Amino acid sequence: MAGNNGPDGTGETGPRNDRKGDIRDDELERRRRELGASLAARHPKAIEGEDNAQAGGSTGYGQAFKLSSEFIAGVVVGIAIGWMVDHLAGTSPWGLIVFLLVGFAAGVLNVLRSAGMVAGFGQTKSGAGPKDLK
Amino acid sequence: MAAADKVDPIHQFHINKIVPIEIGGYDLSFTNSSLFMVVTVLVASAFLYLATSGRHLVPTRWQSSAELTYEFIANMLKDSAGTQGMRFFPFVFSLFMFILVANLLGLFPYFFTVTSHIIVTFALSVLVIGVVLVYGLAKHGFGFFKLFAPSGVPAILIPLVAIIEVVSFLSRPVSLSVRLFANMLAGHITLKVFAGFIVSLSALGGVGVAGAVLPLIMTVAITGLEVLVACLQAYVFAILTCMYLNDALHPGH
């Protein structure tokens, strides 16, 4: 496909450039700037659309998957750490209990963070806080 | 296929050995999963190589689709990790193309879906977190750990908050891999179950065949949805990778 189109495209542009010269280049340049401007004007809309797609997926299905996987991941990692601490230190139920609770807290933090209600990693709360607390 | 009315929706996820290899007690066989990973890499490379081999100033359709994917990922990376993030472009782009092509290939009947196995997606996400950790520690040294101590927290609470933040950080690869794997697994099982309804209903005779139209419509609709999910999950994986890389580049902000 690409190979067939190649010679045609380059063959056509050569002679035309010779005939029309600089005017055509200026015209192209102007058109390209116009196109760039109109694309830039559309860009914020496109970004918003992407954000929605990322947050919502199709209906609430994507959102549900996202939030539940965040929460479960926190709890699972907490349990895994607790189990390993118990295994290494021999403090049988306590590591599991403590880290299950920590994992629960981390899961809630993950959910709030992915829902955009808490500032991200290492960021100060003042930036995102007041607007999102409502 | 022994019993036509009993369709096993899980059968498609079976791993079969194609070339059994065993080295030092470890099973390193070349399986159908490995085969489709190789196919995925080949398809992705072939697509990009053939599409860009022309190098036209006015791109052809194939070249323009390749350029679209490039600009899509490049803009995503620049938006979320800044221009410094562009050094990770090959990494993010390879991840995105691998997952996208693997997801889309899995939609073909009789094809194996690589990303429907959690160990594959977990390996990918551990790779991401590994890059974040290694690069963050190499660039910022000890300062990278500021990531776990948010500013503005009372000094007494710092140890507790830091532990929670560390667990939250460690849960990222898990949630990243679980999300991709669960979406692909659930989608393929749903597809198989509805397709199975068609077979079992049409075995009932005239009324059954008429009724089988409903699950057929569902199957077509879900296939469309699955194409969307396949692209969306590749996108989500890539954008989360960008956000995690942002943490490695600018911890503490």
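It should be emphasised that the depicted structure is a prediction, and the values quoted were computed from it without experimental measurement.

Q: Could you give an account of the overall build of chain B, with specific residues and numbers?
A: What chain B contains, in helices and strands, is seven helices and four strands. Starting at the N terminus, the α and β elements of chain B follow one another as β-β-β-β-α-α-α-α-α-α-α. Projected onto the principal axes, the alpha-carbon positions of chain B cover approximately 75 × 55 × 45 Å. Split into buried and exposed, the 253 residues of chain B put 32% on the buried side. Counting only contacts in chain B whose residues sit at least 6 apart along the sequence, the fraction spanning at least 24 positions is 65%.

Q: Describe in detail the overall build of chain A, supporting the description with residues and values.
A: Counting secondary structure elements, chain A contains five helices and zero strands. Each helix (α) and strand (β) of chain A, taken in turn from the N terminus, gives the series α-α-α-α-α. When the 134 residues of chain A are sorted by exposure, 17% land in the buried category.

Q: Quick one: what's the story with helix 5 (residues 158-202) of chain B, residue by residue and with numbers?
A: Think of an α-helix as 3.6 residues a turn; residues three or four steps apart then line up on the same face. Compared with the 66 Å implied by 1.5 Å per residue over 45 residues, the 64 Å span of helix 5 of chain B between its first and last C-alpha is a close match. Along helix 5 of chain B, the largest kink reaches about 30° and is centred on Ser171(B); proline Pro173(B) follows within four residues of it.

Q: Describe the nonpolar core, and please don't skip the residues or the numbers.
A: Ranked by size, the top nonpolar core spans 51 residues in total, and within it Val92(B), Leu95(B), Phe96(B), Ile99(B), Phe237(B), Ala238(B) and Cys242(B) carry the most contacts. Taken together, the elements giving at least two residues each to this core come down to helix 3 (61-89) and helix 4 (92-114) of chain A together with helix 2 (61-81), helix 3 (89-105), helix 4 (118-140), helix 5 and helix 7 (213-249) of chain B. The element that contributes the greatest number of residues to this core is helix 7 of chain B, accounting for 12 residues. The residues contacting Phe96(B), other than those within four sequence positions of it, are Ile73(B), Ala234(B) and Ala238(B).

Q: Tell me about unusual backbone geometry, residues and numbers included.
A: Apart from glycine, the bulk of residues carry a negative phi angle, and the bulk of peptide bonds sit in the trans form. Non-glycine residue Tyr110(B) carries a positive phi angle of around 70°. With respect to the helices and strands, Tyr110(B) occurs in the loop between helix 3 and helix 4.

Q: Would you mind going over the packing of helix 2 of chain B against helix 7 of chain B in detail, with residue names and values included?
A: All names here are of chain B. Packing of helix 2 against helix 7 leaves a shortest axis separation of 8 Å and a crossing angle of 40°. The pairing of helix 2 with helix 7 is recorded here as oblique in orientation. For the pair helix 2 and helix 7, the crossing hand works out as right-handed. Across the interface between the two elements, Ile73, Met76, Leu77, Ser80 and Ala81 of helix 2 pack against Ala238, Ile239, Cys242, Met243, Leu245, Asn246 and Leu249 of helix 7.

Q: If you had to explain the packing of helix 4 of chain B against helix 5 of chain B to someone new, which residues and values would you point to?
A: Residues and elements named next belong to chain B. Where helix 4 meets helix 5, the axes come as close as 8 Å, and the angle between the chain directions of the two elements is 140°. Relative to helix 5, the crossing made by helix 4 is right-handed. Each of Ile118, Thr121, Phe122, Leu124, Ser125, Val126, Val128 and Ile129 in helix 4 lies in contact with helix 5, whose residues at this interface are Arg172, Pro173, Leu176, Ser177, Leu180 and Phe181.

How each quantity is defined
- Residues numbered from 1 in each chain as written.
- Chains lettered and ligands numbered in written order.
- Predicted model: local features only at pLDDT ≥ 70, side-chain atom pairs only at ≥ 80, totals over all residues.
- Helix = DSSP H or I, 4+ residues; strand = E, 2+ residues; numbered from the N terminus.
- Buried ≥ 20, exposed ≤ 12 C-beta atoms within 10 Å, placed from the backbone.
- Contact = placed C-beta atoms within 7 Å.
- Expected span 1.5 Å × (residues − 1).
- Bend = angle between axes of the 7 residues up to and from the residue.
- Core = buried A, V, L, I, M, F, W, Y, C linked by C-beta atoms within 7 Å.
- Axes fitted to C-alpha atoms, helices over the stretch in contact; angles between N-to-C directions.
- Parallel < 35°, antiparallel > 145°, perpendicular 65-115°, else oblique.
- Left-handed = near helix turned anticlockwise from the far one by under 90°.

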